[in-house]
Amino acid sequence: KVEASKDGKGIVFADMNADADTKFDNEGVAYVNVQLPADAVSGQSFKISTKYFDAYNFEDAAIYPEKLENSDIIYVLKGDADLSNALKQVDATLILRDILSREVSQKSLLAETYETTKTKNAEVAATVENCGMDKLVNAAMDAIDVNADNKVTATDATYILKYLLAHEVDDNFKDKTFDEYLGAK
């Protein structure tokens, strides 16, 4: 059983049965689904704070700041390789260029691309400052693996190009998101 805080912005109590093993050995006790703001943009980072409570009555619960931990969530629109917050043909091109660069020189172009992007995009600059370039590149790699096969390949770029074409010429896809398009495949 999980109870939300009075303001509806957090979880304050997760009931465990008497037989529950309460030692924390890297197993998930609870999973939280985070809904990002509607105006979230690619390359933007968000802080998630975990708070520990020491009471059953959450109104009287003590918060221990020394146990406060923070996690970073970096939002990247699925397929948005250039962090422009829109899916475009240039995203497929950047994916293909990055694949070629990794094959030829064993070096990704994404960090170099985002280094340039951060001079024009305040959200990307703030994310690099707060989370680091490696975390941003890792988030982007997850987002450009559009078919979720745990590798970025030319297939991912092809899905983007097919979606853009279908979105342009097929009335059935005019109002569909990229996720809906991928689900229809």
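Use the structure listed above.
Remember, it's a predicted structure, so these values are computed and weren't measured experimentally.

**Q** Please give an account of the overall build of the protein chain that cites residues and values.
**A** For the protein chain, the helix and strand inventory stands at 6 helices and 4 strands. Helices and strands in the protein chain line up, N terminus first, as β-β-β-β-α-α-α-α-α-α. Considering only contacts within the protein chain whose residues lie at least 6 apart along the sequence, 49% involve residues at least 24 apart. Roughly 12500 Å² of accessible area belongs to the protein chain as shown, and the carbon and sulfur atoms make up 49% of that amount.

**Q** Quick rundown of the layout of surface pockets? Include the residues and the values.
**A** The rolling of a water-molecule-sized probe over the atoms marks out the regions of remaining empty space. Counted as a void, the second largest pocket has a volume near 190 Å³. If you list the elements that add at least two residues to the lining of the second largest pocket, you get helix 4 (133-144) and helix 6 (178-184). Its residues assigned to classes, the lining of the second largest pocket shows 6 nonpolar, 1 polar and 3 charged.

**Q** Any details on the nonpolar core? Residues and values, ideally.
**A** Counting 31 residues, the largest nonpolar core has Ile 95, Tyr 114, Leu 136, Ile 160, Phe 178 and Tyr 181 as the members making the most contacts within it. Listing elements by their share of this core, those giving two or more residues are helix 1 (89-105), helix 2 (110-117), helix 3 (122-131), helix 4, helix 5 (154-169) and helix 6. The leading source of residues in this core is helix 4, at 7 residues. In contact with Ile 95, other than residues within four places in its own chain, are Ala 81, Ile 144, Val 152, Thr 153, Ala 157 and Ile 160.

**Q** Report on the environment of Met 141, specifying residues and quantitative values.
**A** Note on placement: Met 141 falls in helix 4. Spatially, the C-alpha atoms of Met 141 and Gly 79 are 9.1 Å apart, while their sequence positions differ by 62 residues. The residues contacting Met 141, other than those within four sequence positions of it, are Asp 98, Arg 102, Leu 110 and Val 152.

**Q** Mind laying out the environment of Val 76, listing which residues take part and the relevant values?
**A** Topologically, Val 76 is positioned in the loop between strand 4 (69-75) and helix 1. Assessed through its relative accessible area of 10%, Val 76 is described here as buried. Excluding anything up to four places from it in sequence, Val 76 contacts Ser 42, Gly 43, Leu 83, Ala 139, Ala 140 and Ala 143.

Procedures and definitions
- Residues numbered from 1 in each chain as written.
- Predicted model: local features only at pLDDT ≥ 70, side-chain atom pairs only at ≥ 80, totals over all residues.
- Heavy atoms only, no water.
- Helix = DSSP H or I, 4+ residues; strand = E, 2+ residues; numbered from the N terminus.
- Contact = heavy atoms within 4.5 Å.
- Areas by Shrake-Rupley, 256 points an atom, 1.4 Å probe, with all protein chains shown as cover.
- 1 Å grid on protein atoms, 1.4 Å probe; cavity = no way out; pocket = protein on both sides within 12 Å on 5 of 7 lines; lining within 4 Å.
- Points joined across faces, edges and corners; volume = space filled by probe spheres on them.
- Nonpolar A, V, L, I, M, F, W, Y, C, P; charged D, E, K, R; others polar.
- Core = buried A, V, L, I, M, F, W, Y, C linked by side-chain atoms within 4.5 Å.
- Buried < 20%, exposed > 50% of the residue type's maximum accessible area, 1.4 Å probe, protein only.

Shape is all these values report; function is a separate question.
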